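Listed here are the chains, written in short residue letters.
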Amino acid sequence: MTAGELFVAPARPGRSACPGVPAAGSSSSGATAAMGPRRSATSSCRRFFLPLLLLGVSGFFQSYAVEVEIKDASNATCLYADWMMRFLVTYESNDGDYKTTTLNLSSSVTHNGSVCGNDTQAALVAVQFGEGHSWSINMTKNNETYQGDFITLTYNTNDTAVFPDAKRKGPVTVSMRDPCRPVQLNTVFVCHNSFFIEAENVTQIFWNVTVQAFVQNGTVSKKESRCPADKPTSAPTVPPTTANVTAASATTLSPAPTTPPKPVENPDTGNYSLKSGNKTCFLATVGLQLNVSQDKPLLININPKTTIADGACGNTTATLRLNDGNSTLIGFTFAVKNTSANVQKFYLREVNVTLLNRLNGSVISSADNSNFSKWDAFLGSSYMCRKEQTLQINEDVQVHTFNLWIQPFLVEADKFATAEECVADSDLNFLIPIAVGMALGFLIILVFISYIIGRRKSRTGYQSV
């Protein structure tokens, strides 16, 4: 392969992930650094087709792995990177709704403007693809480490295949600081797990990334640095063998008592919010639990401490997306409806759920239901339901909610408006005073009976005297 050659190769699985990158939602990752420096004049790229189920979307989409070997003027390798990426972009449509679309790398990708860095000059990886889209990261070297600085994505809403009804036309640029931690020089960073970087209305998804930037002596190192997500958290289980089973039975006088499985407790309640500029536009308080039907039913509690919220606020639609530690993605979409000429209500219209494999980011299960008409309340108020509710996504997936309080539109002063309560809570509020009244009535009856018994005993005492 000659310098600067670019070709499409047969399909193969992508390789590992990027420098210092944690799981999705983490803020200390070297992932983007993995896409390190390269030199435009002498770089070489290869792309491989890989069908991969898109996060949160049913169906398969084409995704391309990019393998880059950058050489300097002396034809020595200065950077090696192999990664996969795609983007989720939320944009405003012509009718005022906010939609989320998927931007993938195309089969034809160029890398104009990429340069190898050195001790004084930052390295730059610049990738151009599709109808006017581009992505880049610049990286710097400091003493014994290298690190990403800024990541920039430019997407072009004139690309009608990706943005068929975008209200805003033309290129839109989103820049963010690389949150990854520094990576040691002469070290290949490997991370098989997928990870996310979120800014404004864009979620950048990377997976299967292998990187060494500022390669020394033109040779890619064999020393690896693994991301935290790839490291095992517990000792591997030793499979039973005839020897250890026999030894165990010989020393066991009686069978050990079986411990019944511990029931799954209700999930913790999380507080989530979205902003439009500096103004809060969406408030939600809820505990979430998934019920997934498999060979064995699976209950999953969403942990608010590891969950990141993003989404979009609009005049007639609003979406809250929750990402629990790169393993569970849940999206709630609300819409506004006219109930009469002058009365508007909001309601829950759609819920989608995606379960991910922590090791490689592949989709274990994906479910979507866009035919809901629940949680409705007058526009300008909030909706509350403290009792458990069940949302049936499909025949295999349910979402259970606890202590729900939500307001997707017209939030004022960062506070919930007056709440409209669900029927279950209204019944509870109605039953509480009845129960209290019955208890008081029972107490009065007991006091009255005690009084009658006491009176009779007193009369009996007087008659005996």
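About the thresholds
- Residues numbered from 1 in each chain as written.
- Predicted model: local features only at pLDDT ≥ 70, side-chain atom pairs only at ≥ 80, totals over all residues.
- Heavy atoms only, no water.
- Helix = DSSP H or I, 4+ residues; strand = E, 2+ residues; numbered from the N terminus.
- Buried < 20%, exposed > 50% of the residue type's maximum accessible area, 1.4 Å probe, protein only.
- Contact = heavy atoms within 4.5 Å.
- Areas by Shrake-Rupley, 256 points an atom, 1.4 Å probe, with all protein chains shown as cover.
- Salt bridge = Lys/Arg side-chain N within 4 Å of Asp/Glu carboxyl O.
- Polar contact = N/O pair within 3.5 Å; in protein donor to acceptor, adjacent residues only side chain to side chain.
- Disulfide = S-S within 2.5 Å.
- Phe/Tyr/Trp six-rings, centres within 6.5 Å; stacked < 30°, edge-to-face > 60°.
- Pairing = 2+ DSSP bridges.

Q: Got a minute to help me understand the overall build of the protein chain in this structure?
A: What the protein chain contains, in helices and strands, is two helices and 28 strands. Counting every position in the protein chain, which comprises 465 residues, the buried fraction comes to 46%. Restricting the contact set of the protein chain to residue pairs at least 6 apart, pairs at least 24 apart contribute 60%. Approximately 23800 Å² of the protein chain is accessible, and the part contributed by carbon and sulfur atoms is 54%.

Q: Could you clarify how one ought to interpret the pattern of salt bridges in this entry?
A: Charged atoms that come close allow side chains of opposite charge to pair. Enumeration according to the criterion identifies 10 salt bridges in this entry. Lys 99 serves as the salt-bridge partner of Asp 165, at 2.6 Å between the closest nitrogen and oxygen. Taken together, the residues Asp 165 in the loop between strand 9 (145-156) and strand 10 (171-177) and Lys 99 in strand 5 (residues 98-104) connect sequence positions 66 residues apart. Here Asp 165 falls in the buried class, since its relative accessible area comes to 16%. A salt bridge links Lys 279 to Glu 412; the shortest N-O distance between them is 3.8 Å. Of this pair, Lys 279 sits in strand 17 (residues 279-292) while Glu 412 sits in the loop between strand 27 (397-407) and strand 28 (419-421), and the two are 133 residues apart along the sequence. Take Lys 279: its relative accessible area is 43%, and that puts it in the partly exposed class. Given the relative accessible area of 53%, Glu 412 is considered exposed.

Q: Please clarify how the side chain of Asp 310 should be interpreted in this entry.
A: With respect to the element layout, Asp 310 can be found in strand 19 (residues 307-313). At 3.4 Å, the side chain of Asp 310 and the side chain of Thr 203 are in polar contact. Residues contacting Asp 310, with those up to four places away along its chain left out, are Glu 198, Thr 203, Leu 274, Thr 319, Leu 320 and Arg 321.

Q: Quick question: what am I supposed to make of the state of the cysteines here?
A: Covalent bonding between the sulfur atoms of two cysteines defines a disulfide. Counted according to the given criterion, the structure contains three disulfides. Paired by a disulfide, Cys 78 and Cys 116 hold their sulfur atoms 1.6 Å apart. Linking Cys 78 in strand 4 (residues 77-92) with Cys 116 in the loop between strand 6 (109-110) and strand 7 (123-129), this pair joins segments that are 38 residues apart in sequence. Here the two residues Cys 78 and Cys 116 agree in accessibility, since each one is buried. What pairs with Cys 281 in a disulfide is Cys 313, and their sulfur atoms sit 1.9 Å apart. On the S-S bond that ties Cys 281 to Cys 313, the torsion sits near 70°, and the link is right-handed. Taken together, the residues Cys 281 in strand 17 and Cys 313 in strand 19 connect sequence positions 32 residues apart.

Q: Would you mind going over the packing of aromatic side chains with me for this structure?
A: Where two aromatic rings form a pair, the distance of their centres and the angle of their planes describe that pair. Going through the model one piece at a time under the given rule, you end up with 13 aromatic pairs. Ring geometry for Trp 83 against Trp 135: centres 6.3 Å apart, planes inclined by 40°, an arrangement best described as tilted. Of this pair, Trp 83 sits in strand 4 while Trp 135 sits in strand 8 (residues 133-142); the two residues are 52 residues apart in sequence, bridging distant segments of the chain. In this structure Trp 83 comes out as buried when scored by relative accessible area, which is 1%. Owing to a relative accessible area of 1%, Trp 135 belongs among the buried residues under this scheme.

Q: So what exactly am I meant to see when it comes to the pairing of strand 25 (residues 382-385) here?
A: Every second residue of strand 25 is oriented toward a common face, with Ser 382 and Met 384 on one face and Tyr 383 and Cys 385 on the other, all of them buried. In this sheet, strand 28 lies alongside strand 25 in parallel orientation, the contact comprising three bridges. Of the residues in strand 28, the one forming a bridge with Met 384 is Glu 421. Where strand 25 meets strand 27, three bridges bridge the pair, whose relative direction is antiparallel. The partner of Cys 385 across the bridge, within strand 27, is Leu 404.

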